[in-house]
Every structure is written in C-alpha cells, then in structure tokens.
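Topology and contacts: notes
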Amino acid sequence: MMELSATAFLWVKALHIISAIAWMAGLLYLPRLFVYHTEAKPGSELSETLKVMERRLLKFIMNPAMASSFLFGGLLLMTYGGSDWQDGWVHAKLVLVAGLLAAHMAMGRWRLEFAEDRNARSQTFYRIANEVPTLLMIGIVILVVVRPF
Ligand code: HEM
C-alpha cells in the first residue's frame with residue numbers, strides 16, 4: 001500500500017475518471033464505425049477511409065486511455081484510505097472492468113479483419129456489440145459511486 005496526500009488522491013482520481021471517459025468514448029464509437037463499414041464495399045474509398053479512422057481511434061485514443069485508466073485506477077487501489085479490498089463493490093467493479101478489457105481486445109481483432117477485408121460478421125452483430133460496453137459502464141459507475149455492497 002502507498003501513501004498519497006488527500007489532494008494528490010483527488011488529482012489521481014480526476015485523471016482516472018478522465019481516462020475512463022476517453023476509453024469509454026472509443027469503446028462506444030468503434031463498433032459504430034464497424035456498423036457503417038459492413039455496408040462499404042471492400043477496396044472502396046469509404047472502406048479505406050473507415051480503416052484509417054478505426055486504426056487511429058484504437059491506437060491513439062483507446063489504447064492510451066485504457067492504459068491510463070488502469071494506471072490511475074491501480075494507484076487509487078494501492079492507496080491507504082482509498083478503497084478497501086474487503087469491499088464487495090471493488091471486486092464486482094473489477095469483474096465488469098475485465099469485461100470492458102475483453103470487449104476492447106475483441107474490437108482490436110475485428111478492426112484487423114476489416115483492415116484485411118476479411119470481415120464476415122453482420123451489421124446486427126456490431127449493433128448488439130455496441131450495447132455491451134454501455135451496460136458494463138452503467139454497472140461500473142453504480143458500483144463505484146453507490147457502493148451497494
Ligand atoms: C481499469 C481498471 C480500474 C480500476 C483498478 C479502478 C479503480 C478505482 C478506484 C480504486 C477508485 C477510487 C475509489 C475511492 O474513491 O476510493 C475508482 C474511482 C472511480 N472509478 Fe475506477 N477503476 C477502473 C476502471 C474504471 C472505469 C472503466 C470506469 C468507468 C467506466 C471507472 C469509473 C470510476 C469513477 C466514476 C470513480 C469515482 C467514484 C467516486 O469518487 O465516487 N473506473 N476507480
């Protein structure tokens with residue numbers, strides 16, 4: 001465990017929430033791009049443009065935002081007086097965060113399939129996939145703010 005002043009703890013928490021918002025923005029936007037991409041003919045100008053947008057969103061926003069969400073979240077977890085590992089909400093939150101991580105990894109694979117014109121999934125599949133991070137985020141925020149158990 002480590003010591004942080006009350007002010008430093010709040011700064012780390014602010015950076016944590018900023019990172020989590022940026023990560024969520026990418027997790028909600030990328031499947032949207034996949035929905036449009038299923039309608040674009042491979043090799044078309046639209047398909048090539050979407051490939052660039054998907055790669056930049058993942059590499060320059062989602063990956064760094066995920067890393068800093070974990071970094072600052074981890075710092076908060078390791079701080080005296082922060083969260084107590086005994087609290088059920090901490091474990092439940094980390095399980096849902098693991099779900100977000102799995103969604104992020106899956107989106108990385110799907111992006112690669114689109115980049116290689118190998119996508120075989122339907123538009124409906126990506127519309128449903130788009131809802132998963134939303135549901136996880138709702139659970140995470142309720143757990144960390146309300147701390148029901
Ligand atoms: C990536 C792994 C994550 C870890 C290890 C983590 C851990 C933590 C910890 C320990 C706190 C501080 C609780 C306290 O005040 O003592 C916290 C606060 C918070 N986390 Fe996370 N978190 C993670 C991801 C996320 C994600 C993905 C979201 C949103 C989708 C999120 C949203 C929040 C919010 C809103 C707070 C502030 C709650 C409050 O002050 O009332 N966290 N997090």
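Above this text sits the structure in question.
So, how was this worked out
Residues numbered from 1 in each chain as written. Predicted model: local features only at pLDDT ≥ 70, side-chain atom pairs only at ≥ 80, totals over all residues. Heavy atoms only, no water. Donors = N, O, S within 2.8 Å, 3.2 Å for Na, K, Ca; no water. Tetrahedral: all angles 85-135°; square planar, octahedral: opposite > 155°, others 65-115°. Helix = DSSP H or I, 4+ residues; strand = E, 2+ residues; numbered from the N terminus. Contact = heavy atoms within 4.5 Å. Axes fitted to C-alpha atoms, helices over the stretch in contact; angles between N-to-C directions. Parallel < 35°, antiparallel > 145°, perpendicular 65-115°, else oblique. Left-handed = near helix turned anticlockwise from the far one by under 90°. Nonpolar A, V, L, I, M, F, W, Y, C, P; charged D, E, K, R; others polar. Phe/Tyr/Trp six-rings, centres within 6.5 Å; stacked < 30°, edge-to-face > 60°. Buried < 20%, exposed > 50% of the residue type's maximum accessible area, 1.4 Å probe, protein only.

Quick look at the coordination of the iron atom of the ligand now. Tetrahedral coordination by four donors puts the ideal angle at the metal at 109.5 degrees, and octahedral coordination by six puts it at 90 or 180 degrees. Surrounding the iron atom of the ligand are the protein donor atoms H16 (NE2) and K93 (NZ), at 1.8 to 2.1 Å. Angles of 84 to 178° at the metal separate the 6 donor atoms of the iron atom of the ligand, which places the site in the octahedral class. Note that H16 is positioned in helix α1 (residues 6-37) and K93 in helix α3 (residues 88-115), a separation of 77 residues in sequence.

Secondary-structure assignment places R111 in helix α3. Note: C-alpha distance between R111 and L50 (61 residues apart in sequence) is 10.0 Å. Sequence-distant contacts of R111, defined by excluding residues within four places in its chain, comprise F34, E54, R55, L58 and K59.

Where helix α2 (residues 45-77) contacts α3, the two axes come as close as 11 Å, and the packing angle between them is 160°. In terms of their interaxial angle, α2 and α3 are classed as roughly antiparallel. The crossing of α2 and α3 is left-handed. Facing α2, whose interface residues are K51, E54, R55, L58, K59, M62, N63, M66, F70 and L77, α3 presents V90, L94, V97, L101, H104, M107, G108, R111, F114 and A115. Here the contact of α2 with α3 is built from residues that sort into 12 nonpolar, 3 polar and 5 charged.

Looking now at the packing of aromatic side chains. For any pair of aromatic rings, the description consists of the separation of the ring centres together with the inter-plane angle of the planes. Under the criterion given, the structure shown has 8 aromatic pairs. Relative to W110, the ring of F34 has its centre 6.4 Å away and its plane inclined at 75°; by these criteria the two rings are edge-to-face. Here W110 lies in helix α3 and F34 lies in helix α1, a separation of 76 residues in the sequence. When sorted by exposure, F34 lands in the same class as W110, which is buried. Ring geometry for F34 versus Y126: centroids 5.3 Å apart, planes at 55°, classification tilted. With F34 in helix α1 and Y126 in helix α4 (residues 123-146), this pair connects stretches of sequence that are 92 residues apart. Overall, Y126 belongs to the buried group, its relative accessible area being 0%.

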